[in-house]
Amino acid sequence: MINMETVLSDLQAWYAAQCDGEWEHEFGIEIKTMDNPGWSLRVNLEDTLLEDKSFGEVKRQDSKDSWVQCFIEGKYFIGFGGPHQLTELLTIFLDWAKTEPDWLAVQYETEEQARDRKDKELWAVLGDEVGPELCRAENCTHPHIRYSAFCRRHHFEMMRGYAPPEDV
Ligand SMILES: [Zn+2]
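Report on the accompanying structure. Quantities reported herein were computed from a predicted structural model and do not represent experimental measurements. (Residues numbered from 1 in each chain as written. Predicted model: local features only at pLDDT ≥ 70, side-chain atom pairs only at ≥ 80, totals over all residues.)

1. Things to note about the sheet that holds strand β2 (residues 38-44)
And then number 1: The sheet built from 5 strands is open, its strands ordered β1-β2-β5-β4-β3 with antiparallel pairing. Two strands in the sheet have a free side with no partner beyond their single neighbour: β1 (29-34) and β3 (58-61). Mean inter-strand twist for the sheet, computed between neighbouring axes without regard to direction, equals 15°.
And then number 2: As judged from the 4 bridges shared by β3 and strand β4 (residues 67-73), these two strands associate in the antiparallel manner. Paired with R60 across the two strands is V68, which belongs to β4.
And then number 3: The sheet contacts of helix α3 (residues 86-97) involve β2, β3, β4 and β5 (76-81), and relative to β5 the element is tilted by about 150°. (Pairing = 2+ DSSP bridges. Helix = DSSP H or I, 4+ residues; strand = E, 2+ residues; numbered from the N terminus. Axes fitted to C-alpha atoms, helices over the stretch in contact; angles between N-to-C directions. Contact = placed C-beta atoms within 7 Å.)

Next comes the structure, spelled out in structure tokens:
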């Protein structure tokens, strides 16, 4: 027997564990109704422990109104079900998530990844080169950024001691 309260508190616990100041801005969980009628559940697994975890598709149809189908599509856990199957969809997702030994742990971030993330944050904070005066670094033809006498790249290099990431 599925306990609704446990399902919701587990879902909240999993969601809260992913929220780290960044994840929640891009990713999340979506629960909607469909015109079948029924429910759809869409959980974004990106940057979670589950993003590369395998999942055996679940599919059953007991009657016109009692059915579920769950599968992975790209980085999403997708669940569809009849009008009374929302709890079941959530339970299928949570049971799968809980097969991780430490199911509320977050994905390990290496030192390199952390550095790259912080560098990109700094790059974003420095902002556009507004000028009109040029950067004070020798021979630089870029205008300076708003709060510095240097251009974006030179200010970054001055702060970090190395060049900004190439993909910014
Ligand atoms: Zn410069």
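2. Comments concerning the nonpolar core
Nonpolar side chains tend toward joint burial in soluble globular proteins.
And then number 1: Residues L41, V43, L89, L90 and F93 are the most contacted members of the largest nonpolar core, which totals 16 residues.
And then number 2: Looking at this core element by element, the count peaks at 6 residues for α3.
And then number 3: When near neighbours in sequence (up to four residues on either side) are disregarded, F93 contacts L41, V43, F77 and G79.
And then number 4: Core analysis: the second largest hydrophobic core is formed by 6 residues, L126, I145, C151 and F156 among them. (Core = buried A, V, L, I, M, F, W, Y, C linked by C-beta atoms within 7 Å. Buried ≥ 20, exposed ≤ 12 C-beta atoms within 10 Å, placed from the backbone.)

3. Describing the environment of E129
And then number 1: Turning to its location among the elements, E129 is positioned in strand β6 (residues 129-134).
And then number 2: In this structure, the C-alpha to C-alpha distance between E129 and A97, residues 32 residues apart in sequence, is 45 Å.

4. What about helix α4 (residues 111-126)?
And then number 1: End to end, α4 covers 22 Å across 16 residues, agreeing with the expected 22 Å (1.5 Å per residue, within 8%).
And then number 2: With 1 of 16 residues buried, α4 lies mostly on the surface of the structure.
And then number 3: G127 sits one or two residues past α4 and shows a positive phi near 80°. (Expected span 1.5 Å × (residues − 1).)

5. Some words on the pairing of β4
And then number 1: Where β3 hands over to β4, the hairpin turn is made up of 5 residues, counted between the paired strands.
And then number 2: With 6 bridges connecting them, β4 and β5 associate as antiparallel partners. Along β5, the bridge assignment pairs I72 with F77.
And then number 3: Taking the residues that link successive antiparallel strands as the turn, the β4-β5 hairpin has 2 residues, and the phi of G74 there is positive, at about 60°.

6. Quick word on helix α1 (residues 4-18)
And then number 1: Under the 1.5 Å per step criterion, the end-to-end length of α1 is 22 Å for 15 residues, consistent within 8% with the ideal 21 Å.
And then number 2: Within α1, the full set of buried residues consists of D10, W14 and Q18. Each buried residue of α1 sits inside an arc of 75° when the element is viewed along its axis, so together they form one side. Exposed positions of α1 whose direction lies more than 90 degrees from the buried face are M4, E5, S9, Q12 and A16. (Arc of directions from axis to C-beta.)

7. A word on the packing of α4 against helix α5 (residues 152-160)
And then number 1: In contact at an axis separation of 10 Å, α4 and α5 are set at 135° when each is read in the N-to-C sense. If you check the angle between α4 and α5, you find them oblique. In this structure, α4 meets α5 at a crossing whose hand is right-handed. Contact with α4, carried on its side by D119, L122, W123 and L126, involves R152, H155, F156, M159 and R160 of α5 and no other residues of that element.
And then number 2: A breakdown of the residues in the contact of α4 with α5 according to their chemical character gives 5 nonpolar, 1 polar and 3 charged. (Parallel < 35°, antiparallel > 145°, perpendicular 65-115°, else oblique. Left-handed = near helix turned anticlockwise from the far one by under 90°. Nonpolar A, V, L, I, M, F, W, Y, C, P; charged D, E, K, R; others polar.)

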